[in-house]
Amino acid sequence: MNVEVEPWQCSYCAFGAETLAETTEGGNALRLALINCRSLRKHRYEIFDLLLEDQTDVLFLTETWLDIDSTPEILEALPNGYGIVRIDRGAGRGGIAIIYKHGINCSLVPANITDGEAGLFTISLATNYVVKGLLIYRPPGPHLHFTPSLIDYFIQPAIRFEKLLVLGDMNLHLDDALSSGAQELCQELEVLQIILKSELPTHKLGHLLDPIFANWDALGIEPPLPVLWSDHFLTPFWIKLPIVKTQEGDKAGIKRRKWAGFSQGAFDLALLREGPPSGLDVNEVCKSLKRRITAALDCTAPWSSKVSTNRRKTAPWFSEELRCAKTICKQLERRWRKAFSVHLKADYKLSFTHYHSLIRKAKAAYFNERIQTAENSTKEMLKIFTEISSLASAAAPYISSEESCNRVAEYFADKVLLFLSQFSSRWEKSGNGGSGCG
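Residues numbered from 1 in each chain as written. Predicted model: local features only at pLDDT ≥ 70, side-chain atom pairs only at ≥ 80, totals over all residues. Heavy atoms only, no water.

(A) View of the overall build of the protein. Tallying secondary structure elements over the protein gives 11 helices and 16 strands in all. Here the protein holds 438 residues, and 39% of them are scored as buried. Within the protein, contacts between residues at least 6 apart in sequence are counted, and of these 64% link residues at least 24 apart. (Helix = DSSP H or I, 4+ residues; strand = E, 2+ residues; numbered from the N terminus. Buried < 20%, exposed > 50% of the residue type's maximum accessible area, 1.4 Å probe, protein only. Contact = heavy atoms within 4.5 Å.)

And the structure:
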């Protein structure tokens, strides 16, 4: 069962996208954590305190032990400004959930994984920063079908998305080199360049049962912390966020405060000039205090934007030679459309043909170089193949899928022939090229 509870918050104390935008030059980080809570209902007050004390933005939970009647008790686990999405087993133990702060969009969709409960989640901020991943709880027991079903489900997201997480309680001893299930899982995910990031034990018996895998580097794992209310440890980690970009008219800039000339004394004086907070209502006091602090900061550390004009991103194979050929082609096209001369039309068609032949050669050279550099990376090879197979349909929608497949086959034909010739020559040199057994 997939259940979602919307965040509730005070109007002016909530965590929002504007909080992430007001960062220093060092940027900001999204704070996350993972734990097997062994009943969210039973430990709802401990989870409430944990979220408040650690200022966690996103908390991943496994073994929630919830059902459809648990909503009133779940609300007691959510501090002001938090929401929850969850997938319940419905009967018995199990279940997964994600608690997140207001201002962060979070969704959790059930995933079709054999031998376990899993949800495909999406975490997105107002700054268009998106992280996708899989939250898993696999109960103890045989693991013959777990890894194959996980890889079959996850191979397409691993190719499509730049930021992927795989985490949860998988009940596999990933610290044990002799555990066949754990080693199989690590090896299969490494093929997709999804690497195990957590290395320290996450259980009181000294085993790594709650791993965190990721396919990018802007992620830091902190040492797991023991808690009194679970035999699993809390694993905090963080994701470094990029500098926030703001849109102003037709130009985009990097918005940041000028902290170089900041003075605490000047800030205190500016705060005093704004006067004391007004109003008796809690919301009014919060609103007034926020306005005073913002005004004082604007005086002592004003915003500045490094403005840069938005430019369309060029193709990676687009060279200076192609730029010149495109310019000549456009000039001939304008001359022909202005004079409607037969000779100018012929010149334009020749230039157009030459320009597109140069594009094909540049694309071939670009992908040849990428294939050579990605020879030992299965994920990169699959990504390259996906790009090549979609180029024709993206550039010209009228081309049939059969013709697109033929173009891809033609592109790889030389490489297949070269491989076969090398294989045949090595086979003959090894003495296996003769007739069968005498």
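(B) How the structure looks around the packing of helix α6 (residues 264-273) against helix α7 (residues 282-300). Their axes nearest at 9 Å, the elements α6 and α7 cross at an angle of 135°. Taken together, the axis directions place α6 and α7 in an arrangement best described as oblique. Two packed elements cross with a definite hand, and for α6 against α7 that hand is right-handed. Counting all contacts with α6, which are made through Ala266, Phe267, Ala270 and Leu271, the residues of α7 involved are Arg292, Ile293, Ala296, Leu297, Cys299 and Thr300. (Axes fitted to C-alpha atoms, helices over the stretch in contact; angles between N-to-C directions. Parallel < 35°, antiparallel > 145°, perpendicular 65-115°, else oblique. Left-handed = near helix turned anticlockwise from the far one by under 90°.)

(C) Fine view of the nonpolar core. Counting 29 residues, the largest nonpolar core has Phe60, Ile98, Phe121, Ile123, Leu165, Leu167 and Phe237 as its most contacted members. In contact with Ile98, not counting residues within four places along its chain, are Val58, Leu59, Phe60, Gly83, Ile84, Val85, Cys106, Leu108, Phe121 and Leu135. (Core = buried A, V, L, I, M, F, W, Y, C linked by side-chain atoms within 4.5 Å.)

(D) Geometry of the sheet that holds strand β10 (residues 195-196). Sheet architecture is open: six strands sit in the order β6-β7-β8-β9-β11-β10, paired in mixed fashion. Each edge of the open sheet is held by one strand with a lone partner, namely β6 (105-110) and β10. In this structure, β6 lies alongside strand β7 (residues 117-124), joined through six bridges in antiparallel fashion. By the bridge assignment for β7, Leu108 is matched with Phe121. (Pairing = 2+ DSSP bridges.)

(E) How the structure looks around the pairing of strand β13 (residues 235-241). Within β13, five of the seven residues are buried, which leaves the element mostly enclosed by the surrounding structure. By the bridge criterion, seven bridges tie strand β2 (residues 28-36) to β13 in an arrangement that is antiparallel. In the sheet register, Asn28 faces β13, and the bridge partner there is Leu241. Looking at chain direction, strand β12 (residues 219-221) and β13 are connected through three bridges and run antiparallel. Bridge pairing in β13 places Gly220 opposite Trp238.

(F) Broad picture of the pattern of salt bridges. Counted according to the given criterion, the structure contains 11 salt bridges. Measuring nitrogen to oxygen at the nearest pair gives 3.4 Å for the salt bridge that ties Glu222 to Arg31. Of this pair, Glu222 sits in the loop between β12 and β13 while Arg31 sits in strand β2, and the two are 191 residues apart along the sequence. Of the residues examined, Arg31 reaches a relative accessible area of 30% and is grouped as partly exposed. (Salt bridge = Lys/Arg side-chain N within 4 Å of Asp/Glu carboxyl O.)

(G) A look at the packing of helix α8 (residues 320-339) against helix α9 (residues 342-373). Axis separation between α8 and α9 bottoms out at 9 Å; the angle between their running directions is 155°. Judged by the angle between their axes, α8 and α9 are roughly antiparallel. In this structure, α8 crosses over α9, and the sense of that crossing is left-handed. Taking contact as the criterion, the partners of Glu321, Leu322, Ala325, Lys326, Ile328, Cys329, Leu332, Glu333, Arg335, Trp336 and Ala339 in α8 are, on α9, Leu344, Lys345, Asp347, Tyr348, Ser351, Phe352, Tyr355, Leu358, Ile359 and Ala362. The residue makeup of the contact of α8 with α9, split by class, is 14 nonpolar, one polar and six charged. (Nonpolar A, V, L, I, M, F, W, Y, C, P; charged D, E, K, R; others polar.)

(H) Structural view of unusual backbone geometry. Although it is not a glycine, Trp65 sits at a positive phi angle of roughly 60°. Tracing the backbone through its elements, the reader meets Trp65 in the loop between β3 (58-62) and α3 (71-75). Phi is positive for Asn171, which is not a glycine, with a value near 50°. Within the fold, Asn171 resides in the loop between β9 (164-169) and α5 (180-191).

(I) Representation of the packing of aromatic side chains within the structure. Scanning all chains against the criterion turns up five aromatic pairs. A centroid spacing of 5.1 Å and a plane angle of 50° characterise the contact between Phe60 and Phe121, whose relative ring orientation is tilted. Of this pair, Phe60 sits in strand β3 while Phe121 sits in strand β7, and the two are 61 residues apart along the sequence. Considering the side-chain rings of Trp336 and Tyr348, the 5.7 Å spacing of their centres and the 10° angle between planes classify their relative orientation as stacked. Pair noted here: Trp336 is in helix α8 and Tyr348 is in helix α9, with a separation of 12 residues, a long-range link. (Phe/Tyr/Trp six-rings, centres within 6.5 Å; stacked < 30°, edge-to-face > 60°.)

Purely geometric numbers; function is a separate question.
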